[in-house]
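So you can see what is in the structure, the chains are spelled out below.
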Amino acid sequence: MDVIIKTDWIKLDSFLKWANLVSTGGQAKVLIQEGKVRVNGEVETKRSRKIYPGDEVEVEGIKYTVKGGSE
């Protein structure tokens, strides 16, 4: 599934909210800290990880490809 961001990058916790995978920053924090989020195949535990167009974010087995607004 593609998710389009309108900036050059977005923090991981903000991405999860933008993609409607969580409702709050607190939910994003828990999901990330529990190791349920992968970025480009690697478990990511930092909420502030910058996500760029072309990155792939996986949450509980579902993959999301990040696209830029101009793509």
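Definitions and limits used
Residues numbered from 1 in each chain as written. Predicted model: local features only at pLDDT ≥ 70, side-chain atom pairs only at ≥ 80, totals over all residues. Heavy atoms only, no water. Helix = DSSP H or I, 4+ residues; strand = E, 2+ residues; numbered from the N terminus. Rg over C-alpha atoms; globule rule 2.2 N^0.38 Å. Buried < 20%, exposed > 50% of the residue type's maximum accessible area, 1.4 Å probe, protein only. Contact = heavy atoms within 4.5 Å. Areas by Shrake-Rupley, 256 points an atom, 1.4 Å probe, with all protein chains shown as cover. Lys, Arg positive; Asp, Glu negative; His and termini not counted. Charge placed at Lys NZ, Arg CZ, Asp CG, Glu CD. Salt bridge = Lys/Arg side-chain N within 4 Å of Asp/Glu carboxyl O. Polar contact = N/O pair within 3.5 Å; in protein donor to acceptor, adjacent residues only side chain to side chain.

> I keep staring at the overall build of the chain and nothing clicks. Help me out?
If you tally the helices and strands in the chain, you get two helices and seven strands. The order of helices and strands in the chain, counted from the N terminus, is β-β-α-α-β-β-β-β-β. At 11 Å, the chain has a C-alpha radius of gyration in line with the 11 Å of a compact globule built from 71 residues. On the principal axes, the C-alpha backbone points of the chain span a range of 35 × 25 × 20 Å. Within the chain, buried positions represent 32% of all 71 residues. Within the chain, residue pairs in contact and separated by at least 24 positions form 44% of the contacts whose partners lie at least 6 positions apart. Only carbon and sulfur atoms are counted for the fraction: they give 45% of the accessible area of the chain, which is about 4400 Å². If you average the places of the 12 positive and of the 11 negative side-chain charges in the chain, the two averages end up 6 Å apart.

> Help me understand the side chain of D55, please; the structure alone is not making it clear to me.
Looking at the secondary structure, you find D55 in the loop between strand 5 (50-51) and strand 6 (56-59). One buried charged residue, D55, remains without a salt bridge, the closest side chain of opposite sign being R49 at 4.9 Å. One polar contact links the side chain of D55 to the main-chain amide nitrogen of Y52, over a distance of 2.8 Å. In contact with D55, other than residues within four places in its own chain, are N40, K50, Y64, T65 and V66.

> Can you help me understand the pattern of salt bridges in this one?
When their charged atoms lie close together, side chains carrying opposite charge are able to pair. Counting across every chain of the model gives three salt bridges. Two residues, R47 and D13, come together in a salt bridge whose shortest N-O distance is 3.6 Å. A residue pair is termed long-range when its members are at least 10 positions apart, and R47 in the loop between strand 4 (42-43) and strand 5 and D13 in helix 1 (residues 12-18) qualify at 34 residues. For D13, a relative accessible area of 10% corresponds to the buried category. Between K36 and E34 there is a salt bridge, with its nearest N and O atoms 3.1 Å apart.

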